[in-house]
Amino acid sequence: DAGVIQSPRHEVTEMGQEVTLRCKPISGHDYLFWYRQTMMRGLELLIYFNNNVPIDDSGMPEDRFSAKMPNASFSTLKIQPSEPRDSAVYFCASTVGFNEQFFGPGTRLTVL
Amino acid sequence: QKEVEQNSGPLSVPEGAIASLNCTYSDRVSQSFFWYRQYSGKSPELIMSIYSNGDKEDGRFTAQLNKASQYVSLLIRDSQPSDSATYLCAVGLAGRDDKIIFGKGTRLHILP
């Protein structure tokens, strides 16, 4: 069975541009999480969904960030407009019943 | 503020010795506890989960939980160079305020 799939794996963009990160969770998992990881701040939870419904978005840094989950097999995290301080590795993870999480390979975002 | 604290390290341990990683948490309603291993440039992967007080063993890994003292630890016996990685402690809060909080991780270096 395939694990969590994320795309793109690397993204380099210029400040002010829109960035969209994509995630396909493991089939049958009912929770999906978006994280951001930097050396300074570690792994930060941005938002999570349960059965496609956003439950807690208190970690979303500001209105420039938005996330959607239109169906059980797909989620997006969008940053508009992007800023250099958004540079980080963004992970998507999924789980069943809020237990052990399975992480995707991550998207390394660089905003110039 | 709910927090999970880990010593950032690096923790250097000779090959074949026991590596001991510690984690403390602030919220007494924490119900689930996880240890993730993260190699440089890779995503976190679950190595242990523990839900009740005491020890849980899995191969060379032992997780120890003490809810009264609010700490969880991970012991790695017969440390191998391949154990060199960052170890993330995660604490799950269940109930009305479901949340999983990660510590910033401890870097472990096994000396050959």
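Quick notes on the rules
Residues numbered from 1 in each chain as written. Chains lettered and ligands numbered in written order. Predicted model: local features only at pLDDT ≥ 70, side-chain atom pairs only at ≥ 80, totals over all residues. Heavy atoms only, no water. Helix = DSSP H or I, 4+ residues; strand = E, 2+ residues; numbered from the N terminus. Rg over C-alpha atoms; globule rule 2.2 N^0.38 Å. Buried < 20%, exposed > 50% of the residue type's maximum accessible area, 1.4 Å probe, protein only. Pairing = 2+ DSSP bridges. Axes fitted to C-alpha atoms, helices over the stretch in contact; angles between N-to-C directions. Contact = heavy atoms within 4.5 Å. Buried area = accessible area lost by both parts, 1.4 Å probe. Salt bridge = Lys/Arg side-chain N within 4 Å of Asp/Glu carboxyl O. Polar contact = N/O pair within 3.5 Å; in protein donor to acceptor, adjacent residues only side chain to side chain. Nonpolar A, V, L, I, M, F, W, Y, C, P; charged D, E, K, R; others polar.

Brief notes about the overall build of chain B
Part 1 of the reasoning: Within chain B, the secondary structure is distributed over zero helices and 11 strands.
Part 2 of the reasoning: Taken from the N to the C terminus, the helices and strands of chain B come in the order β-β-β-β-β-β-β-β-β-β-β.
Part 3 of the reasoning: For chain B, the C-alpha radius of gyration of 14 Å lies close to 13 Å, the compact-globule estimate for 112 residues.
Part 4 of the reasoning: By principal-axis analysis of the C-alpha atoms, chain B measures approximately 45 × 30 × 20 Å.
Part 5 of the reasoning: Within chain B, buried positions represent 47% of all 112 residues.

Details of the sheet that holds strand β6 (residues 54–58) of chain B
Hydrogen bonds between backbone groups are what pair the strands of a sheet, and the pairing can be parallel or antiparallel.
Residues and elements named next belong to chain B.
Part 1 of the reasoning: Taken together, five strands build an open sheet; the order of strands is β1-β3-β8-β7-β6 and the sheet is antiparallel. Every interior strand has two partners, whereas the edge strands, β1 (4–6) and β6, have only one. Geometrically, the sheet is characterised by an average inter-axis angle of 20° between neighbouring strands, direction not taken into account.
Part 2 of the reasoning: The pairing of strand β7 (residues 61–66) with strand β8 (residues 71–76) spans six bridges and is classified as antiparallel. Each residue of the ladder has a partner; that of F61, found in β8, is I76.

Overview of the sheet that holds strand β7 (residues 65–71) of chain A
Residue and element names in this part refer to chain A.
Part 1 of the reasoning: The antiparallel open sheet is built from four strands, whose spatial order is β1-β3-β8-β7. In the strand order of this sheet, the two ends are held by β1 (5–7) and β7, each with one partner. Looking at each pair of strands side by side, their axes are set apart by 15° on average, direction ignored.
Part 2 of the reasoning: As judged from the five bridges shared by β7 and strand β8 (residues 74–79), these two strands associate in the antiparallel manner. If you follow N71 over to β8, its bridge partner there is F74.

Focus on the pairing of strand β4 (residues 30–38) of chain B
Within a regular strand, side chains alternate between the sheet's two faces.
All names here are of chain B.
Part 1 of the reasoning: Counting buried positions over the nine residues of β4 gives eight, a clear majority of the element.
Part 2 of the reasoning: Alignment of β4 against strand β9 (residues 85–93), held across eight bridges, turns out to be antiparallel. Bridge assignment links Q38 to a residue of β9, and that residue is T86.
Part 3 of the reasoning: Inspection of the sheet shows β4 paired to strand β5 (residues 45–50) by five bridges, in the antiparallel sense. Paired with R37 across the bridge in β5 is E45.

A closer look at the interface of chain A and chain B
For an interface, size is often stated in terms of accessible area lost upon the parts coming together.
Part 1 of the reasoning: Every contact between the two is made by 19 residues of chain A and, on the other side, 16 residues of chain B.
Part 2 of the reasoning: Between chain A and chain B, roughly 1400 Å² of surface is buried when both sides are summed, and carbon and sulfur atoms account for 55% of that area.
Part 3 of the reasoning: Applying the counting rule to chain A against chain B returns zero salt bridges.
Part 4 of the reasoning: Inspection of the chain A/chain B interface yields five residue pairs in polar contact (both at pLDDT 80 or more).
Part 5 of the reasoning: At the level of elements, β4 (31–38) and β5 (42–50) of chain A are the ones that each hand at least two residues to the side of chain A that touches chain B.
Part 6 of the reasoning: Per-element accounting of the side of chain A that touches chain B gives the leading share, four residues, to β5 of chain A.
Part 7 of the reasoning: In terms of residue class, the side of chain A that touches chain B is made up of 10 nonpolar, six polar and three charged.

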